[in-house]
Every structure is written in structure tokens, then in C-alpha cells.
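Structural features, examined
Given next are the chains, with one letter for each unit.
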Amino acid sequence: MALTGAGISAESGIPTFREAQTGLWSKYRPEELATPQAFHRHPALVWKWYAWRRQIAAEATPNRGHVALVGLEDYYRKKGCNFSLITQNVDGLHTKAGNHDIIELHGNIQRVKCFDSNHIIPYQDWSTQTAVPPTCPRCGSPLRPDVVWFGENLPRKVLDQAWQAAQECQIFLSIGTSSLVEPAASLAHIAHRRGALVIEINLDTTTLTAQADYLLHGKAGEILPELFAAFVNQQSGQEFTEGV
Ligand code: OAD
């Protein structure tokens, strides 16, 4: 299984969260923009901040890291094995790249729901409204992005799927995540305890590094294509000559 974080989308031009200088949380305060209380206090500000991020995500294109994960999914499917792709990202780039089964732990920024009743509202029903934020055509409550905010629970179903995948996998790839946000951060530890090989791909060391079997140090967009080639060559009995 693969768990991805903001680092995999960095090469597509989407800012990460915790990197000094460039991370979103180095410029904006999460408690003012990414909590239900913040939305209650300043709904227009929060809506506009997510509208800005929605636009960046909509214009972004998947990079070689995303594409390599599509290759891995295809490869394992053809062999009759499971491949679970679990992401903390809300940008939808794994879907754009072509992965089929994606567990989006923190929601999707392109999807919109209402604050009071969680009605999912299609784009055509809110995009032409002038109110900021637009309101729910069914109940009149303000609309918000369908992402998980600080202080909110992850959807039960996706969490159960992620937990199960972590318990059953043989190889766990942790890609471009600081491994600081729970419950996602626990998935690698669950997999490790169950005997999976844990491989971390990151520009930096993280809280996971000490427990990981391997740290592949560098950009996901460069390492993942090499790793994909290595898996495929090894499994087909060919010798892999280029070191990863
Ligand atoms: P972070 O910003 O915390 O971490 C990004 C990680 O990616 C860091 O460890 C970087 O070193 C690494 N990185 C950056 N560029 C990279 C590259 N090209 N290749 C490989 N690694 C790279 O982002 P997340 O761990 O995803 O939650 O953050 C987890 C959650 O915290 C997010 O989903 C978001 C945030 O608050 C919600 O919005 C609910």
C-alpha cells in the first residue's frame, strides 16, 4: 500500500503544509482557516481561502510520482494482488493521474457540502451563486469544502478501509508526508507491527524515519519512477542494475 502526503504534489506546484518558508502553515494559521470554529467566525474568509486552493488544485497536473503510482496499481492488479492508495491530499491529483481505487482520508477540495447537514452539493448548484459562501439549495446552510478540518473526525468508512489495508499489506510506502498528523501517521506503525516492509520516500527525515526499513531520500517524482522500475524488474526476474 502507499500513503501519500503533500510532498508528492509539491512537484505539481501545490504547496505543502509544514515546510519552513513554503508550507501553508508557515504563512497562515490553521486555527483561523481550517477549523469549524474558524468557519463559524469568518465564513467568507475561509471560503475564499479554499476557493484559492481549489483553483490551484484544478490547474495542477500530476507529476511523475503520481504516474508511477498508477503504474504500480496496474502492475499489481494484473498480478491479481491488491494495491491500496491512501492519500491525505485533497487535491484530487491521484484521480487525475488515473489511479482507480483511492482512499481520500481528508476529503476532496473540489467537493462541496453544507455546514449544517453535510448535503453534498454539485458544482452547478453553487458556482453561479453570488453569496460568499454560497448556500445549500436544500437547507439554506452555508457551503464549505468537503475536507476534514482540525477537530473533526475522519469519515468512518475511509478510516476502516485504511486501517484494514495497513494491517494486511506486505509493503508500506510512506510518500511525502511529515507523518505528524493522526490517524494517518499511525498507519505505517500498524503495518510495521504486522511485519510489512516500510519504505519512506521523503526529502527529509521525519518521525517515521527511525522505524522505517528504508528511507529513500529525495523527490517523490524522481524516486517513485525508479522504484516502480525496480519492483517490476525484480518481480519479472530481470536484474535491476540502477541503484535506487
Ligand atoms: P506536510 O507539509 O506536513 O509534510 C510534507 C512532507 O513532504 C515533508 O516531510 C517534506 O519533507 C516532504 N516533501 C516535500 N517535497 C517533497 C518531494 N518533492 N518529494 C518527497 N517528499 C517531499 O504535509 P502532510 O504530511 O501531507 O491536513 O500533512 C498532513 C496533513 O496536515 C494534511 O493532509 C493537512 C495538514 O494539516 C488537513 O488538511 C486535514
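As a reminder, the structure under discussion sits directly above these lines.
Structural notes, computed from the coordinates. Remember, predicted model here, so these are calculated numbers, not experimental data. (Residues numbered from 1 in each chain as written. Predicted model: local features only at pLDDT ≥ 70, side-chain atom pairs only at ≥ 80, totals over all residues. Heavy atoms only, no water.)

**A short note on the state of the cysteines**
Formally: By convention in this document, the label disulfide applies to cysteine sulfur atom pairs within 2.5 Å. Note on classification: 1.4 Å probe, protein chains only; a residue is buried when its accessible area is under 20% of the maximum for its type, exposed when over 50%, partly exposed between these limits.
All told, the structure shown has 0 disulfides when counted by the stated rule. Free cysteine Cys81: the closest other cysteine sulfur is in Cys169, separated by 13 Å. With a relative accessible area of 30%, Cys81 lands in the partly exposed category.

**A look at the environment of Gly176**
Definition in use: Starting at the N terminus, helices and strands are each numbered in turn, a helix being any DSSP run of H or I of at least four residues and a strand any DSSP run of E of at least two.
In this fold, Gly176 is placed in the loop between strand S7 (171–175) and helix H10 (184–193). Gly176 gets classed as buried once you look at its relative accessible area, which sits at 14%. In the structure, Gly176 is positioned 81 residues away from Thr95 in sequence and 17 Å away in space, judged by C-alpha atoms.

**Concerning the sheet that holds strand S9 (residues 214–217)**
Stated precisely, the cut-off is as follows: Strands pair, by our definition, only if DSSP identifies at least two bridges between them. Throughout, an axis means a line fitted to C-alpha atoms (over the contacting stretch in the case of helices), and angles, computed between N-to-C directions, take values from 0 to 180 degrees. Any two residues having at least one pair of non-hydrogen atoms within 4.5 Å are treated as being in contact.
The strand order S3-S2-S1-S7-S8-S9 describes an open sheet built from 6 strands, whose pairing is parallel. On the outer flanks of this sheet lie strand S3 (102–104) and S9, each paired with one strand and no other. Ignoring which end each strand starts from, the neighbouring axes of this sheet average 20° apart. Summarising the sheet, S7 and strand S8 (residues 197–202) pair through 5 bridges and their orientation is parallel. Note on S8: the bridge partner recorded for Ile175 is Ile201. Strands in contact with helix H9 (residues 156–168) are strand S2 (85–87) and S3; relative to S3, the strand with the most contacts, it is inclined by about 125°. Helix-sheet contacts for H10 involve strand S1 (2–4), S2, S7 and S8, and the interaxial angle to S7 is about 155°.

**A closer look at the pattern of salt bridges**
Rule in force here: Each reported salt bridge corresponds to a side-chain nitrogen of Lys or Arg within 4 Å of a carboxyl oxygen of Asp or Glu.
Here the structure, examined in full by the defined rule, presents 7 salt bridges. Between Arg29 and Glu31 there is a salt bridge whose closest N-O contact spans 3.1 Å. Taking relative accessible area as the criterion, Arg29 reaches 46% and is therefore assigned partly exposed. A relative accessible area of 37% places Glu31 in the partly exposed class. As a salt-bridge pair, Arg77 and Asp101 come within 3.0 Å of each other at their nearest N and O atoms. One end of the pair, Arg77, is in helix H6 (residues 64–78); the other, Asp101, is in the loop between helix H7 (93–97) and S3, and 24 residues separate them in sequence. Overall, Asp101 belongs to the partly exposed group, its relative accessible area being 43%.

**Overview of the nonpolar core**
The condition is simple: Put simply, buried Ala, Val, Leu, Ile, Met, Phe, Trp, Tyr and Cys residues joined by side-chain atoms within 4.5 Å make one nonpolar core.
Among the nonpolar cores identified, the biggest contains 22 residues, and Met1, Leu3, Ile86, Leu105, Cys169, Phe172 and Leu187 are the most heavily contacted of them. Residue assignment for this core shows that the elements contributing at least two residues are H9 and H10. With residues near it in sequence (within four places) discarded, Cys169 still touches Met1, Ala191 and Ala196. Membership of the second largest hydrophobic core comes to 19 residues, among which are Ile8, Leu85, Ile175 and Leu227.

**Focus on the sheet that holds strand S5 (residues 120–121)**
Paired through their backbone hydrogen bonds, the strands of a sheet run either parallel or antiparallel. The strand order across the open sheet formed by 3 strands is S5-S4-S6, and the pairing between neighbours is antiparallel. Both edges of this open sheet fall to S5 and strand S6 (143–147), since each of them pairs with a single strand only. On top of the sheet, helix H5 (residues 43–59) reaches strand S4 (107–114) and S6; it is set at about 140° to S4, its chief contact.

**Observations concerning the packing of aromatic side chains**
Spelled out, the test is: Only centres within 6.5 Å qualify two rings of Phe, Tyr or Trp (six-membered ring in Trp) as a pair; their planes then separate them into stacked at under 30 degrees, edge-to-face at over 60, and tilted for everything else. Two conditions define a charge located above a ring, namely a distance within 6 Å from the ring centre to NZ of Lys or CZ of Arg, and an angle within 35 degrees of the ring normal.
Within this structure, the stated rule accounts for 15 aromatic pairs. Ring centres of Phe39 and Trp149 lie 5.6 Å apart, and the angle between their planes is 40°; on these two criteria the pair is classed as tilted. Placement of Phe39 in helix H4 (residues 36–41) and of Trp149 in the loop between S6 and H9 is noted, with a sequence separation of 110 residues between them. Exposure remark for Phe39: the relative accessible area of 2% places this residue in the buried category. Members of the aromatic cluster, each reached through a chain of ring pairs, are Phe17, Trp25, Tyr28, Phe39, Trp49, Tyr50, Trp52, Phe115, Trp149 and Phe150. A cation over a ring is seen here: Arg54 above Trp47, with NZ or CZ 4.9 Å from the ring centre. In this structure, Arg144 is placed above the aromatic ring of Trp149, and the distance from its NZ or CZ to the ring centre is 3.7 Å.

What is shown is where atoms sit, not what they do.
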